[in-house]
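Notes for the structure review
Chain by chain, the residues run as shown.
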Amino acid sequence: MTDKKIVKNVSNIIEGLGLNPNSESISILEDIGTNSKVDAIREMTSKALVRKNSHDALKVVITNKGKGINDMSTVVAMSTINELLSLSDKAEAVKILTDTAEMHSDEEVRDNARSVKALMALS
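Residues numbered from 1 in each chain as written. Predicted model: local features only at pLDDT ≥ 70, side-chain atom pairs only at ≥ 80, totals over all residues. Heavy atoms only, no water.

As for the packing of helix α2 (residues 24–33) against helix α3 (residues 39–52)
What counts, and what does not: To define axes, lines are fitted to C-alpha atoms, for helices over the stretch in contact only, and angles between the resulting N-to-C directions are given on a 0 to 180 degree scale. Comment: elements are numbered from the N terminus, with helices defined as DSSP H or I runs of at least four residues and strands as E runs of at least two. Just so you know how the angles are binned, under 35 degrees is roughly parallel, over 145 roughly antiparallel, 65 to 115 roughly perpendicular, and the rest oblique. Crossings are assigned a handedness: left-handed for a near helix turned anticlockwise from the far helix by less than a right angle, right-handed for a clockwise turn. It only takes one pair of heavy atoms within 4.5 Å for two residues to be counted as in contact. Polar here means any residue other than Ala, Val, Leu, Ile, Met, Phe, Trp, Tyr, Cys and Pro, which are nonpolar, and Asp, Glu, Lys and Arg, which are charged; Gly is therefore polar.
One way to put it is that α2 packs onto α3 with a least axis distance of 10 Å and a crossing angle of 160 degrees. Taken together, the axes of α2 and α3 lie roughly antiparallel to each other. Between α2 and α3 lies a crossing whose hand is left-handed. Between α2 and α3, the contacting residues are S25, I26, L29 and G33 on the first element and I41, R42, T45, A48, L49 and K52 on the second. Residue composition of the contact of α2 with α3, by class: five nonpolar, three polar and two charged.

Okay, structure coming up:
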């Protein structure tokens, strides 16, 4: 199988899990996608989780150090932020960002949540 075909297959799997209403799909995306060594896979996974726009999915990309808006790759972090900004219903994301900014144990995660929340208020 060619690299392009592998990337397309992985992309289709991530997209399918993102569309799947089963809550187990969030666990799979978190366990496999957000922990991948490949930036592109983490980016696709974060986007899929944001598009779910559910509490559990958004919590993964907002509150976890090293994932979503807190990813060490600026491409993944910015892509996740842009996806959050493009949500038509931002209520749940803003709630999680507020809780994270106020109560998370890690200062960097709190700061990131505060910054993204400010951006969302402007969008």
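Concerning the packing of helix α6 (residues 91–103) against helix α7 (residues 107–122)
Put simply, α6 and α7 touch, their axes get as near as 8 Å, and they point 145 degrees apart. The crossing of α6 and α7 is left-handed. Contact residues: α6 offers A93, V94, L97, T98, T100 and A101, while α7 offers V109, R110, A113, R114, V116, K117 and M120. Taken together, the residues that form the contact of α6 with α7 break down as eight nonpolar, two polar and three charged.

Comments concerning the side chain of S25
Note the threshold: In protein, a polar contact requires one atom able to donate a hydrogen and another able to accept it; more generally it is a pair of N or O atoms within 3.5 Å, and residues adjacent in sequence count only if both atoms are side-chain atoms.
Relative to the assigned elements, S25 resides in helix α2. Among the polar contacts made by the side chain of S25, one reaches the main-chain carbonyl oxygen of N22 at a distance of 2.6 Å. Here the side chain of S25 touches K52 through a polar contact of 3.0 Å, side chain to side chain. Among residues more than four places away in sequence, those in contact with S25 are L17, N20 and K52.

Looking at the nonpolar core
Soluble globular proteins tend to bury their nonpolar side chains together. To keep things clear, this is the line we draw: To qualify as a nonpolar core, a set must consist of buried Ala, Val, Leu, Ile, Met, Phe, Trp, Tyr and Cys residues joined through side-chain atoms within 4.5 Å. When accessible area is computed with a 1.4 Å probe and restricted to protein chains, residues below 20% of their type maximum are described as buried, those above 50% as exposed, and intermediate ones as partly exposed.
The biggest cluster of nonpolar side chains holds 23 residues, and the ones touching the most others in it are L49, L58, I62, I69, L84, L97 and V116. Every element with two or more residues in this core is listed here: α1 (3–19), α2, α3, α4 (55–63), α5 (74–85), α6 and α7. Looking at this core, the element that brings in the most residues is α4, giving five residues. Setting aside its immediate chain neighbours within four residues, L58 contacts V50, N53, L84, L87, E92, A93 and I96.

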